[in-house]
Amino acid sequence: MKQLQRSDCDAILEFLSSYQHLHPHAPLNDAVGQVIAAVECCPAAAEQAIRWLQLDASASIGRFRRSQIVQLAQSMYRFWGRNVASQNKPAPTT
């Protein structure tokens with residue numbers, strides 16, 4: 001998994017927005033899968049963001065409002081950052 005960069009949230013949002021415009025009938029899961037491949041973000045973070053926002057992953061991406069796409073991109077980025085941070089923590093000592 002690659003390290004986070006400041007522009008990754010914008011890259012996720014740009015990719016989701018483009019995908020929504022170019023493939024409005026594709027399910028959200030397909031769009032998120034393409035984001036994971038393109039941006040190399042954490043798949044668990046994407047799944048967690050979809051659950052947290054209570055989005056229907058099987059619904060076509062064209063049905064989502066711009067605000068929902070923005071929230072999804074921000075949530076994916078935030079959960080990705082938490083996953084990276086938790087992996088970089090040293091093991092607790094007993």
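Residues numbered from 1 in each chain as written. Predicted model: local features only at pLDDT ≥ 70, side-chain atom pairs only at ≥ 80, totals over all residues. Heavy atoms only, no water.

Colleague: Residues and numbers for the environment of Leu 28, please.
Modeller: Here Leu 28 is to be found in helix 2 (residues 28-39). Here the alpha-carbon distance between Leu 28 and Ala 57, two residues 29 residues apart in the chain, equals 5.0 Å. Look past the residues within four positions of Leu 28 in its chain and what remains in contact with it is Ile 50, Leu 55, Asp 56, Ala 57, Ala 59, Ile 61, Phe 64 and Leu 72. (Helix = DSSP H or I, 4+ residues; strand = E, 2+ residues; numbered from the N terminus. Contact = heavy atoms within 4.5 Å.)

Colleague: Describe unusual backbone geometry, naming the residues involved and giving the relevant values.
Modeller: We note that Glu 40 has phi near 60 degrees; this positive angle belongs to a residue other than glycine. Residue classification places Glu 40 among the partly exposed residues on the basis of a relative accessible area of 45%. Not every positive phi belongs to a glycine, and Gln 54 is a case in point at roughly 55 degrees. Within the secondary structure, Gln 54 is located in the loop between helix 3 (43-53) and helix 4 (66-88). (Buried < 20%, exposed > 50% of the residue type's maximum accessible area, 1.4 Å probe, protein only.)

Colleague: Explain the side chain of Gln 20 residue by residue, including any values.
Modeller: Here Gln 20 is to be found in helix 1 (residues 8-22). Among the polar contacts made by the side chain of Gln 20, one reaches the main-chain carbonyl oxygen of Phe 64 at a distance of 2.7 Å. What Gln 20 contacts, discounting residues up to four positions off in sequence, is Ile 61, Gly 62, Phe 64 and Ile 69. (Polar contact = N/O pair within 3.5 Å; in protein donor to acceptor, adjacent residues only side chain to side chain.)

Colleague: Run through helix 2, naming residues and quoting values.
Modeller: With twelve residues, helix 2 ought to run about 16 Å at 1.5 Å a step, and its terminal C-alpha atoms sit 16 Å apart, in line with that. Among the residues of helix 2, Leu 28, Ala 31, Val 32, Val 35 and Val 39 are the ones counted as buried. The arc that holds the buried residues of helix 2, viewed along the axis, is 95 degrees, so those residues lie on one side. After helix 2 finishes, the residue Glu 40 shows a positive phi value of roughly 60 degrees. (Expected span 1.5 Å × (residues − 1). Arc of directions from axis to C-beta.)

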